[in-house]
Amino acid sequence: MNTELELLMPGGSLDKIRYAIAYGADAVYAGVPRYSLRARENEFFDPELIKEAVDFVHARGKKIYLTCNIYAHNNKINGFMDAMADMVALKPDAFIMTDPGLIALTKEKFPEAVIHLSTQANNTNWAQVKFWKDYGIERAILARELRIEEIREIHEQVPDIELEAFVHGSICMAYSGRCLLSNYLSYRDANQGTCSHSCRWGFKVNGNAAQGDDVRTEYVPLEGEFLLEERERPGEMMPVDEDEYGTYIMNSKDLCGIDYIKDLRDAGVVSFKVEGRNKTEYYASLVARAYRRGLDELQAKDSISDETRDWMLAEVSTTANRGFIPGFYPRNAKAAAQELERSHCVQTHLYAGRVVGFDSETQLACIEVKNRLDKGDKLSFITPKQEFEIELDEFYYDEALTKPTDHAHGGGKNIYLKLAMDLGEDFASTIIRMPYKEAQTLRKRTVVAA
Ligand code: SF4
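Residues numbered from 1 in each chain as written. Predicted model: local features only at pLDDT ≥ 70, side-chain atom pairs only at ≥ 80, totals over all residues.

**Section: the overall build of the protein**
Right, so step 1: From N to C terminus, the protein includes ten helices and 22 strands.
Right, so step 2: Put simply, 67% of the contacts in the protein that link residues at least 6 apart link residues at least 24 apart. (Helix = DSSP H or I, 4+ residues; strand = E, 2+ residues; numbered from the N terminus. Contact = placed C-beta atoms within 7 Å.)

**A look at the site of the ligand**
Right, so step 1: The full set close to the ligand counts twelve residues, and Cys-172, Cys-179, Ala-190, Cys-195 and Cys-199 are the nearest of them.
Right, so step 2: Looking at the shell around the ligand, its residues break down into eight nonpolar, four polar and no charged.
Right, so step 3: When we break the shell around the ligand down by domain, the ones giving at least three residues each are domain 1 (6–175 + 252–337) and domain 2 (181–240). (Near = placed C-beta within 6 Å. Nonpolar A, V, L, I, M, F, W, Y, C, P; charged D, E, K, R; others polar. Domains from an automatic or database assignment.)

**A word on the confidence of the model for the protein**
Right, so step 1: The predicted model of the protein has a mean per-residue pLDDT of 88, with 88% of residues at 70 or higher.
Right, so step 2: When the criterion is pLDDT under 50, residues 439–450 qualifies, and its contacts beyond four places in sequence or with other chains add up to 25 contacts. (pLDDT = per-residue confidence, 0-100.)

**What about the pairing of strand S2 (residues 27–31)?**
Right, so step 1: Burial analysis of S2 places five of its five residues in the buried class, the great majority of the element.
Right, so step 2: Of the two faces of S2, both are covered, the one formed by Ala-27, Tyr-29 and Gly-31 as well as the one formed by Val-28 and Ala-30.
Right, so step 3: As judged from the three bridges shared by strand S1 (residues 6–10) and S2, these two strands associate in the parallel manner. Note on S2: the bridge partner recorded for Pro-10 is Tyr-29.
Right, so step 4: The pairing of S2 with strand S3 (residues 63–67) spans five bridges and is parallel. Bridging across to S3, Val-28 finds its partner in Ile-64. (Buried ≥ 20, exposed ≤ 12 C-beta atoms within 10 Å, placed from the backbone. Pairing = 2+ DSSP bridges.)

**Topic: the environment of Asp-46**
Right, so step 1: As for its placement among the helices and strands, Asp-46 is situated in the loop between S2 and helix H2 (47–59).
Right, so step 2: Classification of Asp-46 as exposed rests on a count of 10 C-beta atoms within 10 Å.
Right, so step 3: For the pair Asp-46 and Pro-33, spaced 13 residues apart in sequence, the C-alpha separation works out to 8.2 Å.

**Some points on the packing of helix H5 (residues 126–134) against helix H6 (residues 148–157)**
For any two helices packed against each other, one specifies the crossing angle of their axes together with the interaxial distance.
Right, so step 1: Two numbers describe how H5 lies on H6: the axes approach to 9 Å, and their chain directions differ by 40°. Classified by the angle between their axes, H5 and H6 sit oblique to one another. Of the two elements, H5 crosses H6, and the hand of that crossing is right-handed. Along the contact surface, H5 presents Trp-126, Val-129 and Lys-130, while H6 presents Glu-153, Ile-154 and Gln-157.
Right, so step 2: For the contact of H5 with H6, the class distribution of residues is three nonpolar, one polar and two charged. (Axes fitted to C-alpha atoms, helices over the stretch in contact; angles between N-to-C directions. Parallel < 35°, antiparallel > 145°, perpendicular 65-115°, else oblique. Left-handed = near helix turned anticlockwise from the far one by under 90°.)

**Topic: the nonpolar core**
Right, so step 1: By size, the foremost hydrophobic cluster in this structure holds 104 residues, and its most contacted members are Ala-20, Val-28 and Ile-151.
Right, so step 2: With nine residues, the top contributor of residues to this core is helix H9 (residues 281–301).
Right, so step 3: Built from parts of two domains, this core gets at least three residues from each of domain 1 (6–175 + 252–337) and domain 3 (349–435).
Right, so step 4: Excluding residues that lie within four positions of it along the chain, Ala-20 makes contacts with Met-9, Gly-11, Ala-25, Val-28, Ala-284 and Ala-288. (Core = buried A, V, L, I, M, F, W, Y, C linked by C-beta atoms within 7 Å.)

**Considerations on H6**
Right, so step 1: Of all the residues in H6, the buried ones are Ile-148, Ile-151, Ile-154 and His-155. Projected onto a plane normal to the axis of H6, the buried residues spread over an arc of 115° and lie on a single side. For H6, exposure combined with an orientation more than 90 degrees from the buried face picks out Glu-156 and Gln-157.
Right, so step 2: Those residues of H6 that are buried are in contact with H5, strand S7 (162–169), helix H8 (261–267) and strand S11 (269–274). (Arc of directions from axis to C-beta.)

**Here we look at the packing of helix H1 (residues 14–22) against H9**
Right, so step 1: With their axes 8 Å apart at the nearest point, H1 and H9 run at an angle of 20° to one another. Judged by the inter-axis angle, H1 sits roughly parallel to H9. When you trace H1 past H9, the crossing you get is right-handed. Of the residues in H9, those in contact with Asp-15, Lys-16, Tyr-19 and Ala-20 of H1 are Glu-281, Ala-284, Ser-285 and Ala-288.
Right, so step 2: Tallied by class, the residues present in the contact of H1 with H9 amount to four nonpolar, one polar and three charged.

Next comes the structure, spelled out in structure tokens:
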């Protein structure tokens, strides 16, 4: 049983795994194609890529867990077991599973496979955790709806099973993802790995006969106050509002457990998990480095200083988020958990780009641009070992430095610029960020969410 504290980062692609490990992850989790809850946005359709990921992580002395946590229908069972044969042969450190039937079949056919019980199994009480521990499960990934006191009791009652808890990232408005909303609205079943995140959709009101339009092609502010009243609850008014971006009626804020890391550790949690396999390498890098510093300080000093706590919060706030809550850890957040005005992008900084080539002799960097860059922008270069700022001055579209430009667009051509610093071997993990520009609104759709 592992008792070392572990920072567990999402591994949505080989590239993201590379960044997460470079910035301090002890372990990553990646989805088995078709059988994880990120079935659509999953690079690992090619088993060779999963093998590469397993070998890459193990070569660095870290761990990798493969997620296969769907609730299967009958017609998926045979295919699942065939896929498991291939995955077990790769020797990942564990499989993250939910479905009791699939767990039973896996244990019968592959007794050597280590299984972690997914949060999808709704691990909300010690009796359930004990049941699964007695069945041979090595780790329970706790339901995100638990208070710290409940986690402590689970640990006291079942001390000899590893506990893993989410500390950061998006959360569902449904019970740990056991939700049919996406299926209801877009015929994509979250429990089969194809959630369309319908809870975060922005809706706009159409058919506003009072304003003379059946379908509004442009935003026209709604006049007056609109209130929903449920038939059986007369007098309990729920205001609905809409701005030019629509209305978000079920959008949960994101989890940020920075203030509860020590309490979680004291309650028995050993693995601190970050959500976000679909998010960028910028997110993977900066969230990993924030929590790495916090966990290191906790282990060294048995506490996290206010200075480190503030730095961590500032760091994670540079990545895309919907506003933060500490989940259910202190208590049910109730209305504070909802972000009804916007979908996301309240981050303080933007993902400017990443270094994809560097010549140590000439100190010429090749940069893949992620969001629009303009001459004069203040860029922060972040590597696993250092951080420095530059003002963007001369930059070019070509390596020969014959095609100067004053701006470059995200998703367009790479740019080249000379740096005063040597990035050394860290160049391939270098992330570049910049503060939001005044001209950009926080909700602008063209911004690459980080
Ligand atoms: S629709 Fe929202 S609440 Fe439902 S599973 Fe998807 S992300 Fe979670």
